[in-house]
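Residues per chain, in single letters:
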Amino acid sequence: MPASCFAVGILVARYATILVAWPLTVASLCVMAAVYLPNRRTWLLWASAVFFGWSNLTWRESVWHPEDLRALVGTHIEPVTVRGTLLEMPSMKAIPHDPEDIWRTTVQIEVEAIKLLRQDWQPARGRVITRTTGQLPAVFFSGQVVEIEGTMQPPPPPPVPGLFDYQSYLRWQGIYHQLNIRTPDGWRLAATNHALARLPFSERFLEWGRTSMGKGLPEEDESLRLQWAMVLGWKPGLNDEVSDAFMRTGTLHIFAISGLHVALIAAMLLAVFKVMYMPRWLRGWLVIPLIWFYTGVTGWQPSAIRSAIMATVLLAGYSLKRPSNLLNSLFAAGGIIVLWQPQQLFQVSFQLSFLAVLGIALFMPPLESWQKRLFQPDPLLPDDLRPAWQRALESPLRHLGTSLATSLAAFLGTLPIIAQYFHLVTPISLLANLVIVPLSSIALACGIATLFLTAWLPSAAELFNHSGWGLMKCMVEISRWLAECPGGWFYVTEPGLAFIAVFYVLLVLLLTGWLFHAPWRWRTGLPILLVALWLSWGGLVRPESIQARFTVLPFKSGHAVFYEGRNGRDQMLMDCGSHDVAEWMIKPFLFARGWDRLSALLLTHGDTRQVGGAMVIATNFFPARMYTSPVAFRSKAYQSVKQDLAACIPGQYELISGDTFGPFHVMHPEADDHFSRSDDSSFVLRAEMGGTRLLFLFELGRRGQSALLERHPPNDLQADIVVAGMLEDGEPLAGPLLDAIQPKIILLADSVFPASARASPNLRERLSKTGIPVLYGHEQGAFTITVTRNGWTVRTMRGLETSGTAGK
């Protein structure tokens, strides 16, 4: 209860920010009252824990010193020079890009001083994350003092829904600024580093460990790199292709230095010390520092630290001969963690680790009870009279049942959190963990044995290397095979906090049996269960009044539009950007919306920057239909894309002005149009539903706008909402066209980079003179248009919301 109440106070502080003196004062008053009111002491101490948790997070989130970076650096992009200490080894990653990969290096820095533009050095406090385009030289490593020139700004929020919220992720690590460096030339060592010439011990241990685990193997391959990742915490060892397979089978956790690693190492050490006839109290106190040593040499990863704290609590009780209680030890370790760093409560890794163990602690007893009743033999039948096959299978079945129950308990404990953050549900993980976790435990034991034996028994170490490599190879192939099983995994939309809360409450009531005990009889418990699920999911997610939802996704070369029909009956993606945009933006967005199939894909025109990633969409979402224009675009790349799509999309349709499909009416182009620029032949679509009119101009060029005006009377072009993108040549929404449309709101899907894709000051001034509200993509991010029976609502990624009624 103290740990739970403290966590509740941290949650309150997350949403109710006040001066730290108020909750701290109330907490102190509760403690003093508990001294004089023994009958109310328990409740008062619990209340004080809530307010202490509230004040703890508020204190750590507040700006207390004028040298704090949040007080020195504003919210805009500012050129700066920073002096600070590297907190870790630089992490380098190759990002796939056409024509060649782009390397990006990230590292955290503890800032000591900062020099703003045209100012002198001044002291500063805080952490920043640096992002450098390129690979840093090997002379930069953790512990060094460096000076870096770049531009500093707060980390940007996600541009479209469903993408990774990097800003929130950094915030809960105490990082509020990002330092961008164009090239490694912006880095230099400070003068204080001349005496520092050696790598830190953890990095030297990592290099020694990698060399030791590679002895006897013919080459460095995927399996060996994955072994390094699992045993040593070597981050570059896990590439995107392999991580996708392990993520979709729910087994990616084996590559984090976590409870599995710490528990296995502790068990091995305890067994060795027991063979050496050490007393129990000494075994525990010797294992604790060795576990912390392993945590340190593998890079002090947060998951490893949490596991080490948990193991320390359990081993201390073991040494003191105290009875163990997994639930109590878990909350003791969690309380220590959030007391020291309350921001961890909002980190995904902490939530998953804590809830997985909590699920095992809460749900294993009832699951084991059911298993015992299932496999219990006839109590009146002597063992000698039971068939031999029953006696032979009894022990294996019990072990299998225990493993399955453990996997199910961890799966149920983490299911809503994985759906919330990763939009993924993995039923196949129940089977995958039964196979991959035991194999990973043996492979991990082989790796640890190699590290122990390589110095004094190298031949045995090489044998363990081959064994670990073979096991890792099996795990990779098994994970890939299981990831391809139909229905083994699927994407879902975010369930929301209400559903998560109801899910956990009902799960605890159900598995503990409280739901079926008086007064929770099944006649009342079952209706409550159904009503709660309906309120948290079905009754609120898809209201019947919603006619359609459009999401406008701006990116640097244009924009895409995703249409969802009423009750999700129809989904169409209009354009998809280049290959990189489709891979890193459109695909995660669609998965986050819960779609792994599309009804249709529409390609507006022949610009490959708008449609070059169509094959990414086709191979991941399998659209049933494809709509294209009959205009003969000259782009060979576009023609190649159409040919590739024709082989994998069954329905192929060409649309011209006057055609209608679903709620959309094609306004442009004509079949015989021959404009010199592909933008002038871009589709123009009008949609009308619930009395609301929407007009999508996409990247319609100047001549295309003129042709649209000539061919259609103004009444046909009038719309409540108009969506347009930026042009390579000229401006969107020319004056005469805008006069004909007469919109209530303009959504201009421009972007920050490059500068040519951002609305110019002249364009902004011209649009502002019309008096029509204009929302810009580079300021607001993605737009979500919700059309209901009574009107429409536009919400942006930056929290802006505007609405209107249908009709003129």
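Use the structure listed above.
Since we're looking at a predicted model, the values are computed, not measured.

Concerning the overall build of the protein chain
Across its full length, the protein chain holds 27 helices and 25 strands. Here the C-alpha atoms of the protein chain give a radius of gyration of 30 Å, agreeing with the 28 Å that 2.2 N^0.38 yields for 808 residues. Overall size of the protein chain, expressed as C-alpha extent along the three principal axes, is 95 × 75 × 70 Å. In the protein chain, buried positions account for 48% of the 808 residues. If you take every contact in the protein chain between residues at least 6 apart in sequence, the share linking residues at least 24 apart comes to 70%. Here the protein chain contributes 66 positively and 62 negatively charged side chains, and the mean placements of these two sets differ by 10 Å.

A short note on unusual backbone geometry
Of note, the bond from His668 into Pro669 is cis; its omega dihedral lies within 30 degrees of zero at 10°. The residue Pro669 is located in the loop between β17 (664-668) and β18 (684-689) in this model. Phi at Asp575 is positive, roughly 70°, even though this residue is not glycine. Among the structural elements, Asp575 can be located in the loop between β12 (571-574) and α19 (579-592). Judged by relative accessible area, Asp575 falls into the buried class, the value being 0%. Phi at Phe622 takes a positive value of approximately 45°, unusual for a residue other than glycine. With respect to the helices and strands, Phe622 occurs in the loop between α21 (614-621) and β14 (625-628).

Remarks on the environment of Leu431
Position of Leu431 relative to the elements: it lies in helix α15 (residues 429-453). Among the residues examined, Leu431 registers a relative accessible area of 43% and is labelled partly exposed. With 227 residues separating them in the primary sequence, Leu431 and Arg204 have C-alpha atoms 38 Å apart.

Some points on the side chain of Thr793
By the element assignment, Thr793 lies in strand β24 (residues 791-796). For Thr793, the contacting residues outside a window of four places in its chain are Thr784, Ile785, Thr786, Glu801, Thr802 and Ser803.

Let's talk about the nonpolar core
Val231, Leu232, Phe246, Phe255, Val287, Ile291 and Met475 are the most contacted members of the largest nonpolar core, which has 47 residues in total. Those elements that place two or more of their residues in this core are α6 (201-214), α7 (222-232), α8 (240-248), α9 (259-275), α10 (280-297), α11 (302-319), α15 and α16 (458-483). Here Leu232 is in contact with Phe205, Leu206, Gly209, Arg210, Met213, Gln227, Ile257, Thr298 and Leu451, once residues within four sequence places are set aside.

Looking at the layout of surface pockets
Space inside the second largest pocket adds up to approximately 320 Å³. The wall of the second largest pocket is formed by Arg248, Trp489, Phe490, Glu583, Lys587, Phe591, Asp596, Arg597, Thr619, Asn620 and Phe622. Elements supplying a minimum of two residues to the lining of the second largest pocket: α19 and α21. When residues in the lining of the second largest pocket are grouped by element, the largest group, three residues, is from α19. Counted by class, the lining of the second largest pocket contains four nonpolar, two polar and five charged residues.

Brief notes about the sheet that holds β12
One open sheet accounts for nine strands, arranged β15-β14-β13-β12-β11-β10-β23-β24-β25; its pairing is mixed. Single-partner strands in this sheet number two, and they are β15 (651-654) and β25 (801-805). The mean inter-strand angle of the sheet, taken between neighbouring strand axes irrespective of direction, is 15°. Taken together, the four bridges between strand β11 (residues 558-565) and β12 define a ladder with antiparallel strand orientation. Each bridged residue has a counterpart across the sheet, and for Phe562 the counterpart in β12 is Leu573. Packed onto the sheet, α19 meets β10 (546-555), β11 and β12 and runs at close to 155° relative to β10.

Examining the environment of Ser429
Position of Ser429 relative to the elements: it lies in helix α15. Owing to a relative accessible area of 4%, Ser429 belongs among the buried residues under this scheme.

As for the sheet that holds strand β20 (residues 721-725)
Pairing is mixed in the open sheet, where seven strands are placed in the order β16-β17-β18-β19-β20-β21-β22. At either margin of the open sheet sits one strand with a lone partner, and together these are β16 (660-661) and β22 (774-776). Of the pairings in the sheet, the one linking β18 to strand β19 (residues 692-698) comprises five bridges and is antiparallel in character. Bridge pairing links Arg686 to Leu695 in β19.

A word on the packing of aromatic side chains
The final tally for this structure, using the stated rule, is 31 aromatic pairs. Aromatic rings pair up to connect Phe550, Tyr563, Tyr627, Tyr653, Phe661, Phe664, Phe696 and Phe698 into one cluster. Over the ring of Tyr176 we find Arg70, and its NZ or CZ is 4.2 Å from the ring centre. Above the face of the Trp228 ring, Arg210 is positioned so that its terminal group lies 4.6 Å from the ring centre.

What counts and what doesn't
In this numbering scheme, every chain counts its residues from 1 along its sequence in written order. pLDDT decides what is reported in this predicted model: residues at 70 or higher carry local features, side-chain atom pairs at 80 or more are listed and counted, and totals for whole chains, interfaces and linings draw on all residues regardless. Hydrogens and water molecules were not included; the side-chain quantities draw on all heavy atoms of the structure. Only DSSP runs of H or I with at least four residues qualify as helices, and only runs of E with at least two residues qualify as strands; both kinds are numbered from the N terminus onward. It is over C-alpha atoms that the radius of gyration is taken, and the globule rule equals 2.2 Å times the number of residues to the power 0.38. Residue burial is assigned from relative accessible area. The probe radius is 1.4 Å, only protein chains are included, and a residue is buried under 20% of its type maximum, exposed over 50%, and partly exposed in between. Two residues qualify as a contact provided that any one of their heavy atoms is within 4.5 Å of a heavy atom in the partner residue. When charges are counted, neither His nor the chain ends are considered; positive counts come from Lys and Arg and negative counts from Asp and Glu. Throughout, a charge is located at the NZ atom of Lys, the CZ atom of Arg, the CG atom of Asp or the CD atom of Glu. Among buried residues, the Ala, Val, Leu, Ile, Met, Phe, Trp, Tyr and Cys ones that are joined through side-chain atoms within 4.5 Å form a nonpolar core. Both site types are read off a 1 Å grid over the protein atoms alone. A 1.4 Å probe that fits but cannot get out defines a cavity, while an open set with protein on both sides within 12 Å along at least five of seven lines defines a pocket; lining residues have an atom within 4 Å of a point. Grid points are joined across faces, edges and corners, and a volume is the space filled by probe spheres set on the points. For this scheme, ten residues count as nonpolar: Ala, Val, Leu, Ile, Met, Phe, Trp, Tyr, Cys and Pro. Four count as charged, namely Asp, Glu, Lys and Arg, and the remainder, Gly too, count as polar. Only when DSSP finds a minimum of two bridges between them are two strands counted as paired. Axes, fitted as lines to C-alpha atoms, cover a helix only where it is in contact. Angles between the N-to-C directions of the axes lie from 0 to 180 degrees. Here the aromatic set is Phe, Tyr and Trp, taking the six-membered ring for Trp, and pairing holds for ring centres within 6.5 Å; pairs whose planes are under 30 degrees apart are stacked, those over 60 apart are edge-to-face, and all others are tilted. Only when the NZ atom of a Lys or the CZ atom of an Arg is both within 6 Å of the ring centre and within 35 degrees of the ring normal do we say a charge sits over the ring.

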